[in-house]
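Breakdown of the fold
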Amino acid sequence: MKKTNTLLIIALIIAIAFHGSAIFFTLESTYDALIHLFFADHYANSWFEPWDYRWYTGFTVQSYPPLVHQSIALLSYVGGLKFGMFSVALVAIVLFITGVYRFASLLTGNRRVAGYAALLAVFSSTFIETLHIFGQLPSLVGLSVLLHSLPEIYLWIKTGKYRYLASCLSLIAVTVTSHHVTPIFGMVFFIFPLIGMVVMDAAKEQVATLRQVTFPIFYKAFKQLFWRIVGFGMASLFLIITCILPYWYNSKKNPITQVPIPHGSRDNFLEVTSSGLVFFVIPWGILLFILPYIFYRFYSKRYLFFGLSFSMLTILGTGGTTPIPLKMLGETAFNILTLDRFTLWATIMALPLFGEFAFRMVEGDLKSKLQERFGGVYHRVLGGFLAGGMLLMVIFTMTLGYFRPSQPAKINMLPIVNFLNQDSHDSWRYLPLGFGDQMAWLSAQTNAMTVDGNYHSARRLPELTTRAIERIENSKFRGIEGIGSLQQFLTVPEKYHLKYIFSNDKFYDPILYFCGWQRLQQLENGIMVWEKLNIPPIPAIIPKEDVPVFLKIIWGTIPILTVLIAFLINVQLSWVRILKSREKPLLNYMKLAVSYKQFSGRLILVSHIWALVVLLCVGIGIYQFYLKNVAQRSASNVVNAYYDALDFKEFERAHSYLDPNAEVDLAQYMLEVSVTDGILSSYAKLDSIGVELIDVKDTRAKAKVYTQWITPLEKVKKDFFHELVQRSGKWYLLPDIVDNDVPPDQLFVANGTTFYNHGRRQLTTQQTHHEDVLKQPVLEILAAKLVRFKGQYSIIGELQNVDDVPADVVVKATLYNDVDKNLARHSAKYHIKHKLMPKEITPFKINFEGIAWASTKDTLPPTFDPDAFTPISLSEQPTKFDLQSAGNVANTDLYKKVSFQSIKRTQKGFDGVLYNSGVQEVTIPQLLVSYYDENHEILWVDHQFLRAGVRVQRKQVFEYDPISLEGLEVIHSSLDLCYVNGLPNVAISEKVFPERDRTHQKDQTQEFRGTGFSYLKFDMNNYIGNPK
Amino acid sequence: MRRFFPLCILLVFTACDKAVQPAEGDGTWDIAWVNPIDSVRAGTPISLKFTGIRSDTATSIYISNAFGTTVLPLKKEENTWVCAIPKHFVRKAGPLYWKVLYDEKVKLANRIAVVPDAGSIPHVETYFGPRSITVGARDYSMLVTIPTDPFDNTLLAGTPVTIKSEFQNTVELTQERTADFIAWKNIVSKKTAGRMLVSASCLETDTKELTTILFPANAEAFEIAYSRNHRYADGNQIITFQTNLLKDAYGNLVGDGTLVTFFIKDAQGGYLKTTGMTIDGVAKASLLHPAEAAQWQVTAYVTGAAKSNTISVVFEQAISDFEVSFSEDQRSVTIGPLKSFMDQIVPDGIDVVLRVYDIEGKPLSTKKETTKKGRCLFKLPREYFENGTYQLEIAAAGMLKKYKTELR
């Protein structure tokens, strides 16, 4: 008895020392931990109020069982939220190790074996992954407590003593309140087989050996125990329902009707090897090698039901690799559940038998058998191999986050929190971009609200629930739906009172600029703050969904009560018991220990063969990996490798693929690469690449490279040509031709107007003083038309800043039918210059965009296309519109120094040259092209983002092929319902510009006899990535 | 709603006013208000004194005005019963209604008119906007003043307010009188741009200074000119266009930052466009010289408002000719040295295009290069161009040269 305790204690000490210290480095960068921290912060501030306004324009925390969150919240009163989180994590570690110990004792009836199992649990890669990579604290706590409850359930059914019923139910209640999925599936996968085992044990008592247990005997035993089983079943069902009643109430009221979010655990692991690694190889780890032993033992008669459960879990855990999980779970459950939990349960279920294996290997019959058969050295080598493999997996899993960071580097939140607190910035919503799961930590520290959130089951806005994205914050990883969803928030931010964006990823910068946002400042931590003008603050009263008071009370009291009761029953009572009687009777299941005497020889053989197969698979995998990475073996490989290197900005590697005879040295190459800026070189991610080799001669080839790039603005398809040469067996690319153009001046002077707006001149905590509020610049709408083109409705037109100060322009249009029914409303997105100098004119186009894939039945396009556009589906024909434009004084992004050096007609369209005469490097030039009819009436507005930037005093070429406007129909053309800053446009034009000369606009168009139009006008809108 | 609540109460009581006056005596009561007050200045302490009240505990005074409503106790002093009205009620101008209540019945009721404290130094709130207007006697900013007594009661209608405005050292004073609580004036803009300061004074109080900017009106027709280093089309010099002083109809320089578009048509039907923003009335914009001879017609616009004269700019060919040399196997084609107008080597970066056609004139390949040190080199490797006869076309600086060559 003393010895077994030693193993458990060693296990606990190592667990606390190892995991307890590691969590301080891992937990905060896990996927889930910070979300739980945010929930905890909610409870810490308003224990009984389930509504939280801070995410998703308001959501209820009754959508997740609260125990772990409330525990963290309670502890946070002592030492802050993070103290609470780490304390709960420590408790979870202890609970898990002891839980495995008790589960193993139950299964094997051998304390020594259970000790081994506890020790192995410490190093189990599945536990490490769940805690240190996923950070699933509630799931871990739930599972650990479930493991603790198993022996009590066994004892209740076996002995029928109510003491055990009380203790097992109290533990089930704790499980329920910490995690909802665990008890439900735990019922199926842990408790059902356990009941089967109890019945088997009871049946065995009626005969001499297990072998003699036949089905009739088993059935008889089952009948005897039937009412205890039913009693337990009903009672635990009751607990599952009542303990988290508000949760069920909420699920019923707000059913999860969202597009399923892709999860790696549903992938085909053979195709998506990274998912296979994370969701299969790591959790199984070294267990993969002893699978034959585990299956052999689980399919012995006593464990038969566990065997079935274990097999099911194993198969379910393979995700989309085989079609079986999909068929077993059905479409809905398959798409909602994350299947990694099945693997987690399978590997934890296997731990007792792993402990048994280790016991037999270290000091049991397997040791003697191996030594007898293969000699002592082999036994030691094998043991070393297993132990070494296990440690390797531990190190590999622990450092996974180091080598492949799943999160952006840790962000210092303080400057952001301070920013939100100052100057009433929290009167608007904010949106973090590129924060990863750290956004939850930011939310926890501020009262400001965001439209985003990090608990996707609670999303409410249709803009979010109809997309398979978990957060807008990381929308770039979610392709079309992600960027599409983000664009909706950026284009009509006033709908959500969204004014500030914290950008930690410059990928999003262009989309922010072209949607009309402007940089406000860079915080000390490097986060860029973007703001949008003309956004009303959040009203003082915002709606919430209330729930009955009794549900609030249940939610606020029962979870913590279950812990107190469980503590009282399980710990307190057993202490009393220990104090009262010194001689503790051996627990029922401990009598059923088997003696390990004869390790099956055949099993050893099978295990060896299996291990060889596994090793072979690993070997093949590594070899495949190697083959893929040999770059210069073939002409197409070197092209692929070159683009891969460019994509990851590994210029030194890219340079190594260039022909050494071309004598472009690295410094020269870097110089050439570093000067190229633009949407492709700075903001694009290579999406797909196809290489077509043409003219392949012995040592030379030409390659046509078809590339598709994801950029924040649009999907870019671009073809490149390369010449390749083979030198001494290796293929190389010939370097591209360099533009030798030299700018005229070494140093030149440029004068410009700059503007500065103080904001508040006088310090006040109240609203800004009246005299510090600037007048809104006056705009004039020169033309506005409702047109239908290709089945889409758009409002197009032109407007001018007729004030004397630069203006930021927002244009919003509403469509009406004949009976003035409001049909749709949207704002101008890309087709406008959002910043206008005095007297500058911009064309604009407002597309009425619907919420993409509003119906979940619509098929999602398989590939990425950020430019994809979902026309709104209008139930009725719009016949008129109103147009609301607003100007606000702008003082940034006023760079207008890109000129058209030439626009020449070609057969199809135009060849143009841009020239940058100012002092800023333009990263993404946008061409806005207005189409006019023969009377110079505007018909259409088109845009084109140029792929390369324009450097200072340099040229950049572009091609533009006008589109055909065949079928374009002007439905309504009027300036009657156009408003500027809330005033009628007509009044403005009469007052500010009574003698407008309309020929000026005509003079500036150029003739082009296209289909459906007669004149064109070109305008530039310039995005500067790094303003100087 | 909370703000209107006292008002509602007031309305209710105004309505009841007549019904309860004179007080319903039940015969046994003989209450008298011993210090009748008709009206007081806001802020003056008021005590209501009564005689004939029987029980001080059951009797209370109900008061109500724009500030609110409350019930006050009575205090006995010698033979009279006194009720001191709290200062918050006394500070609010308007009717102050009171009632003597006993057993929920009104025994006596009346009112006192509280008038604004015109004797003290008043406060004056001012609002002025818009903060910027256009010159030309059409646009205006409005100054609104709200004189109040120290307790924030607006002063009585007809209170005189002096409105002062300063523009370019000229101060104008006008007298306005308050009506509906405010005194206001539209201050019409002048014909010169600048900054106008306004303030107001009421009784002894002067307000802070407020500002509106008078921005110049729209530009009038203007002239443009250009400057450049030389007249040659070398593609590597800057030509700068410049306006004369842009002024509005009143002779003010237009506002800084006004966008001027220079729109250029060349002789070949091509278009060029460049923009400049005015600083002190002058806008400048620049372009590169073309790389081949050209004639530009330049007009500038402040679109909708003003247009310039049209000027003509002529560029002469800078590179008169270029040499082309072939290697022995004809597979290396060297162009250059390209020389400019005084036989100097052209600056790097002149575009040279080589088009390769087969003997029938079918296009095979187009290569673009830029010159370096006046030269550029094209290679025609054997892998792609088998031995045979080809036609080559070389274009640079607006010139085209054709060759027929046999690659070996």
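Residues numbered from 1 in each chain as written. Chains lettered and ligands numbered in written order. Predicted model: local features only at pLDDT ≥ 70, side-chain atom pairs only at ≥ 80, totals over all residues.

**Overview of the overall build of chain A**
Summing up its helical and strand segments, chain A has 31 helices and 27 strands in all. What you see for chain A is a C-alpha radius of gyration of 34 Å, in line with the 31 Å of a compact globule of 1028 residues. C-alpha atoms of chain A, sized along the principal axes, occupy 110 × 80 × 50 Å. Taken over 1028 residues, chain A has a buried fraction of 46%. Counting only contacts in chain A whose residues sit at least 6 apart along the sequence, the fraction spanning at least 24 positions is 72%. (Helix = DSSP H or I, 4+ residues; strand = E, 2+ residues; numbered from the N terminus. Rg over C-alpha atoms; globule rule 2.2 N^0.38 Å. Buried ≥ 20, exposed ≤ 12 C-beta atoms within 10 Å, placed from the backbone. Contact = placed C-beta atoms within 7 Å.)

**Remarks on the overall build of chain B**
Helices and strands together make up the secondary structure of chain B, namely two helices and 33 strands. In terms of overall size, chain B is more extended than a compact globule, its C-alpha atoms giving a radius of gyration of 45 Å where 408 residues would be expected to give roughly 22 Å. C-alpha atoms of chain B, sized along the principal axes, occupy 140 × 55 × 30 Å. Residue burial in chain B is summarised as follows: out of 408 residues, 35% are buried.

**Side note on helix α2 (residues 33–45) of chain A**
Residue and element names in this part refer to chain A. The first and last C-alpha atoms of α2 sit 19 Å apart over 13 residues, in line with the 18 Å expected at 1.5 Å per residue. For α2, the tally of buried residues reaches twelve of 13 residues, placing the bulk of the element in the interior. Every buried residue of α2 is listed here: A33, L34, I35, H36, L37, F38, F39, A40, D41, H42, Y43 and A44. Contact partners of the buried residues in α2: β1 (51–52), α3 (67–79), α4 (81–108), α7 (137–159) and α20 (438–445). (Expected span 1.5 Å × (residues − 1).)

**Notes on the interface of chain B and chain A**
A common way to express how large an interface is: the accessible area buried when the components associate. Tallying the contact residues gives 50 residues for chain B and 44 residues for chain A. For the side of chain B that touches chain A, the elements supplying multiple residues, two or more each, are β10 (123–129), β11 (132–134), β18 (210–215), β22 (259–266), β23 (271–279), β24 (282–288), β25 (294–302) and β30 (363–370) of chain B. A class-by-class count of the residues in the side of chain B that touches chain A yields 20 nonpolar, 21 polar and nine charged. Of the strand pairs in this sheet, strand β18 (residues 898–905) of chain A and β23(B) are connected by two bridges, and their pairing is antiparallel. Its bridge partner being in β23(B), A:I903 is matched across the sheet by B:Y271. (Nonpolar A, V, L, I, M, F, W, Y, C, P; charged D, E, K, R; others polar. Pairing = 2+ DSSP bridges.)

**Side note on the packing of helix α9 (residues 181–206) of chain A against helix α14 (residues 304–316) of chain A**
Residues and elements named next belong to chain A. Put simply, α9 and α14 touch, their axes get as near as 7 Å, and they point 160° apart. As summarised for this structure, α9 and α14 are arranged roughly antiparallel, according to the angle between their axes. The two elements α9 and α14 cross, and the hand of that crossing is right-handed. Mapping the contact onto sequence places F189, F192, P193, G196 and M197 in α9 and L304, F305, F306, L308, S309 and L313 in α14. (Axes fitted to C-alpha atoms, helices over the stretch in contact; angles between N-to-C directions. Parallel < 35°, antiparallel > 145°, perpendicular 65-115°, else oblique. Left-handed = near helix turned anticlockwise from the far one by under 90°.)

**Concerning the domain arrangement of chain A**
Under the domain assignment used here, chain A contains domain 1 (2–406 + 557–582 + 602–615), domain 2 (414–452 + 461–531), domain 3 (631–733) and domain 4 (770–1023). If you average the C-alpha positions of domain 2 of chain A and of domain 4 of chain A, the two centres end up 25 Å apart. (Domains from an automatic or database assignment.)

**Focus on the sheet that holds strand β16 (residues 841–847) of chain A**
Residue and element names in this part refer to chain A. The four strands lie next to each other as β16-β12-β11-β23, forming an open sheet whose pairing is antiparallel. Single-partner strands in this sheet number two, and they are β16 and β23 (969–973). This sheet shows a mean twist of 25° between the axes of neighbouring strands, independent of strand direction. Where strand β11 (residues 779–789) lies against β23, four bridges are found, and the strand directions are antiparallel. Across the sheet, R788 pairs through a bridge with E969, a residue of β23.

**A closer look at the nonpolar core**
Residue and element names in this part refer to chain A. The biggest cluster of nonpolar side chains holds 296 residues, and the ones touching the most others in it are L37, V100, A117, A118 and A121. Among the elements that take part in this core, α4 stands out by supplying 15 residues, more than any other. Look past the residues within four positions of L37 in its chain and what remains in contact with it is I72, L81, M85, A440, W441 and A444. (Core = buried A, V, L, I, M, F, W, Y, C linked by C-beta atoms within 7 Å.)

**Focus: helix α12 (residues 273–284) of chain A**
All names here are of chain A. Where α12 is concerned, the buried positions are S275, G276, V278, F279, F280, I282, P283 and W284. Looking at the packing, one finds that the buried side of α12 touches α6 (125–134), α16 (340–363) and α18 (376–403). One or two steps after α12, the chain reaches G285, where phi turns positive at roughly 55°.

**What to know about the confidence of the model for chain A**
Confidence in the prediction for chain A averages 87 pLDDT; 95% of positions are at 70 or higher. Put simply, helix α21 (residues 462–465) of chain A is where chain A has its lowest mean pLDDT, 74, and strand β15 (residues 835–836) of chain A is where it has its highest, 96. (pLDDT = per-residue confidence, 0-100.)

**Topic: the sheet that holds strand β33 (residues 399–407) of chain B**
Residue and element names in this part refer to chain B. Read from one edge to the other, the open sheet built from four strands follows the order β30-β29-β32-β33, with strand pairing classed as antiparallel. Two strands bound the open sheet, and with one partner strand each, they are β30 and β33. Averaged over all pairs of adjacent strands, the angle between their axes in this sheet comes to 20°, without regard to strand direction. Judged from the seven bridges that link them, strand β29 (residues 351–357) and β30 form a sheet pairing that is antiparallel.

**Considering the pairing of strand β27 (residues 1013–1023) of chain A**
Residues and elements named next belong to chain A. Across the eleven residues of β27, ten count as buried, placing the element largely inside the fold. With three bridges connecting them, strand β26 (residues 1006–1010) and β27 associate as antiparallel partners. By the bridge assignment, E1007 is partnered in β27 with Y1015. Turn length for the β26-β27 hairpin, with the two strands adjacent in sequence and antiparallel, is two residues, and the turn residue G1012 shows positive phi of about 90°.

**Quick word on the pairing of strand β20 (residues 924–932) of chain A**
Residue and element names in this part refer to chain A. Counted residue by residue, β20 has eight buried out of nine residues, so it is predominantly covered. Pairing between β20 and strand β21 (residues 938–945): seven bridges, direction antiparallel. For V929, the partnering residue across the bridge sits in β21 and is D942. As consecutive antiparallel partners, β20 and β21 are separated by five residues, and within that stretch H936 has a phi angle of approximately 65°, a positive value.

**Description of the packing of α7(A) against α9(A)**
All names here are of chain A. Put simply, α7 and α9 touch, their axes get as near as 10 Å, and they point 25° apart. Viewed along their axes, α7 and α9 adopt a mutual orientation that is roughly parallel. Here α7 and α9 pass one another in a crossing that is right-handed. Residues S139, G142, L143, L146, L150, I153, Y154, I157 and K158 of α7 form the contact with α9, whose participating residues are T182, P183, G186, F190, I191, L194, I195, V198, D201 and A202. Looking at the contact of α7 with α9, its residues break down into 13 nonpolar, four polar and two charged.

**Let's talk about the environment of B:S227**
By the element assignment, B:S227 lies in strand β19 (residues 224–227). For the pair B:S227 and B:S286, spaced 59 residues apart in the sequence, the C-alpha separation amounts to 9.5 Å.

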